[in-house]
Structures are given as structure tokens and as C-alpha cells.
Amino acid sequence: MSDLRDLGQRHLAALWDAARSLDKDPGAAAERLATLVTAVTEAEAQLAGLRLHLLHEAKLAAAENVIDGLRQSVRTTPAQATASLRLAQDLCDRFPLIGAALNDGSISLQQADAIVTGLRKLPARLTRAELTRCEEEILQHVDTLGPSELRVLAARLAEIIDPDASDADDAKRLAREEAAAHRGRFLRIAPDYHGSMRITGQLPVADAALLSAPLDALMPDASTYTSAGEAASRDARRADALVLLTQKAANAGTLPIHGGDRPQVHVTLDLDTLTTGLGRVGLIGLDDIDGLSPGEVRRLACDAGIIPVVLGGPSRLLDVGRTYRTFTPGLRAALMQRDGGCAFPGCTATPACCEAHHIAPWWQGGDTRLGNGVLLCPHHHRLVEPDPLQSEASQWQVDLDPVTGLPWFTPPKHVDPARRPRQHRRFRLQQIRAGAPPDPDDDPPNTDPPDVDPPDTESSAADRPDLDDLIRRSADIWGDGT
């Protein structure tokens, strides 16, 4: 045992020596630092894989002292220990290709955990060969997707293996998850004995969306705290919004307004789901959630007005040119549907707290239209707003892909000397699920902003489904409330 410990310590000491030597050669420090961080990241993943392998071996060998030592360790919680044991078993027994990728450092522990969490949701009817194909498919995207996106993609791989049966599988799974979420709902308010009350809870997705809508509408802007010298976080502002919502409900019994409208939960569904009531319904801004069943949406619709929106069609004006400086409600709805939240790479801001940004500024002659807009949170809106006193190379640039219509962001030179365009991972996930190739770098996109009308405006009105007819066809399905 001491020999193994010494071997590990020697490797760590070598890495520390390499880190300390960076100061001796400032010119090469940046490149060596990047190489060292990559090496440590890979080693960290390999050690995590080795640890999980050893835990699985201990379980197979009935080494209760090892398992009990893990559960009783002060370095982890009992829940984390249980999760580690389950992940170790899945990686060794059910998903060996994912385990091998973790062992050689190709993926991180967080990616492996997310992939396995998604693969566990696949239908039980899949054969071993089909599960292996799922593993091979998901591993093609580990260099472009993070844990959240990989979890969603892994859970949807049955659509690739057996697309004909995937709808029925999804319906059964969503029904099980909704029933479990309903049983598991709770709200707990307890004192922390330090002047505060701790609020914890859990709600089904549909109910949580109904709560989030008025909270987002009431959430104070960060600038309102400036005069008090407070830098309030988003969580703190949401807590204030909850108090405001309670006060308004107690005093007036009315809901707050947001942008002149009642707070709304935005859902998306395709034409078949609209007319048949079968399929999946998505929630705008919640990319890491599979969505709702049509039954849940019908329940929500019982007490809500249904506003039909045909984005890009004749019933919604998506190109107002220079007539309006601000984006109309129809344009904003289109941006929310397309971008799903702040479009800046890595940002998790929801659509409700985002602003519509003119890519070509309105004051420079830019039109107010979908092809010149992008949804950004206030922070990233300020970051990418063009400054006429600075050169283009020193500023962020936003362009819409001429093929997909999705935004790309080109960083300034001080962030990336090569100025390689980057895109939010949620868009990459959308394209993968739509059948795009796994590696976007094989064919770099043309990032020049297109000067074309929105895609739907080129088709004739005769080619589009009649909105009134759609409402009539779907009224019986979506209006029964059962």
C-alpha cells in the first residue's frame, strides 16, 4: 500500500514541479499553462474512473469494509456515496464504453455521470447491441457538448435506434415521471435559528413553470439595488420577487404584469402534436428538461387563454423594418422560441430576464426584424453592444448563420487571437437532434450576417396552413381539459 501511495505522490510532485517552473520562462508560460491544465484535467478523469472501478471491484468481492468506509467517510455525503456506487456499477456492467472513455480521460466525471443519467431513461426493451450503438453515438459529441446537453441527448437516443416506437416510449416515460413528480412535491419552511427561514421544495415541471412566470415578471432589475450599494445576485432578486408576489396577492389578489401582459408560460409544439394531441411539448428556456406531456398542457390550458402564434406566418409581423425601434411582442416571441434564453455562449439566463438586441444597431440603420435580432441578458447585451470608438477586432461580433439562422459570436482579439466563432451549446444540441454532423469544425460556418428576409416570408400564403382551420381542428383536443 505504501508503494502505491509513493507512486501517486511522485506523479503529483512532478506536476507541482512543472507548475512552479512556469515562472522561470514567462514567454512560454501561457502555452505551458494550458498544456498543464489539460494534463491535470485528463489525469483527474482517469483517477475518477479508477476510483469507480475499484469501488465496483470492492462490491463484487463483498469487501464490506471498503463500502462502509465510503459511506462513513467525512469527505462525502451518504447520498453522494450511494450515487458513486450506482455509477460505478453502471459504467462497469451496463455502459462499458462510457466507462472506458472516462478511464482514458476522454470525458470528465461530470460528463460520464450526465451521460449515464440520460442512458438510464432509455426504454428497457433495447438490446445490448442497441445500447452499445447508443454509447457510440453519444461519444461522438463529448468534445462539443457539456454535461447538461449530453444528458438530454442521451435520453433521446431511442429516436435514432427505433424512431417509430420512440413516441410511445416517450409518452409512457413522461407519464411515469409526471406521476412521480406529483407524488414527490413538497414545500418546507423551517427556521435556521440565525434570523432567517429556510425554504426548500420541489414541484412538477408544469407547476414550477406557473410559479416562475410571475416571479420573473416581478424580479427587480439589478440596477435598482445600486443606490443602496448592494450587488444583489439573481437568487436574491428572485427571493425579493417572491415576497412581492405574496404581498400583491394578499393586498389585491391580482397578478403582476410584465411588458404589458400577464406573465405567461411559453410552450412549443409541432403541427402534428397540435392537431392530434400526441407527442412532446417543450418549454422555451428549459433546454435540459424533456418537456411536458400533452395531458399536462391541457391541464394548464384549463385556466389560461390560448393565444395562437404562428411565428413567421401571415398572422405575425416579424419584419417591421425601421418603423419600430423596439422589438414587437411577436418578434420577441420569435426570438424566445429561436434562442431559448441568452444566446451568448455559456450563459444560462432564461428568456424572461433577457433583452432583444439589434445585431446591426438601430442607430446605424439596422432594421427591427428577426434576421437582425438576438436575445441577450443585460450583462452580455452590454458586452456585445458595438462601440463606434473601438475597432471591430477589439469587440465581440454577432452574426446569424445563413443556413440555420442561429447566432454565432466572434470574440475580440484579446480573448482569442484567432477570433474563432463560438456558439451556445444549446444550439449545437438542437442541430444534433435535427441530424447535423457531430463536428462543427469540419466545415466552419460563414459568419457574415445575412441580409435576407426571415425564412418563412419567402413562401406564399397558399403554402401555409390556415390559422383559423388549425384552431378549429385542435379545439376539441386541447380544450377538453381532461
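Refer to the structure above for everything that follows.
So, how was this worked out
Residues numbered from 1 in each chain as written. Predicted model: local features only at pLDDT ≥ 70, side-chain atom pairs only at ≥ 80, totals over all residues. Heavy atoms only, no water. Helix = DSSP H or I, 4+ residues; strand = E, 2+ residues; numbered from the N terminus. Contact = heavy atoms within 4.5 Å. Core = buried A, V, L, I, M, F, W, Y, C linked by side-chain atoms within 4.5 Å. Buried < 20%, exposed > 50% of the residue type's maximum accessible area, 1.4 Å probe, protein only. Axes fitted to C-alpha atoms, helices over the stretch in contact; angles between N-to-C directions. Parallel < 35°, antiparallel > 145°, perpendicular 65-115°, else oblique. Left-handed = near helix turned anticlockwise from the far one by under 90°. Nonpolar A, V, L, I, M, F, W, Y, C, P; charged D, E, K, R; others polar. Pairing = 2+ DSSP bridges.

## Re the side chain of Ser84
Residue placement: Ser84 occurs in helix H4 (residues 78-94). In contact with Ser84, other than residues within four places in its own chain, are Arg51, Leu52 and Leu55.

## Looking at the nonpolar core
Soluble globular proteins: nonpolar side chains tend toward being buried together. In this structure, Ile98, Leu119, Leu122 and Ile138 are the most contacted members of the largest nonpolar core, which totals 35 residues. Elements represented by at least two residues in this core include exactly helix H2 (29-60), helix H3 (64-72), H4, helix H5 (96-103), helix H6 (109-119), helix H7 (128-139), helix H8 (147-155) and helix H17 (425-433). A total of 5 residues in this core trace back to one element, the largest contributor, which is H4. Not counting residues up to four positions away in its chain, the partners in contact with Ile138 are Ile98, Ile115, Leu150, Leu153, Ala154 and Leu157. Counting residues in each nonpolar core, the second largest holds 25 residues, with Cys347, Cys354, Val384 and Trp396 among its members.

## Observations regarding the packing of H6 against H8
At a minimum axis separation of 7 Å, H6 and H8 run at an interaxial angle of 25 degrees. With respect to their mutual orientation, H6 and H8 come out roughly parallel. By crossing handedness, the relation of H6 to H8 is classed as right-handed. Taken together, the residues of H8 that come into contact with H6 (itself represented by Gln110, Gln111, Ala114, Ile115, Thr117, Gly118 and Leu119) are Pro147, Leu150, Arg151, Ala154 and Ala155. For the contact of H6 with H8, the per-class residue count stands at 7 nonpolar, 4 polar and 1 charged.

## Remarks on the pairing of strand E2 (residues 197-202)
As paired strands, strand E1 (residues 186-191) and E2 are joined by 6 bridges and run antiparallel to one another. By the bridge assignment for E2, Arg188 is matched with Thr200. The turn linking E1 back onto E2 is made up of 5 residues, and Tyr193 within it adopts a positive phi angle of 65 degrees.

Everything listed here is a matter of geometry and, on its own, says nothing about what the molecule does.
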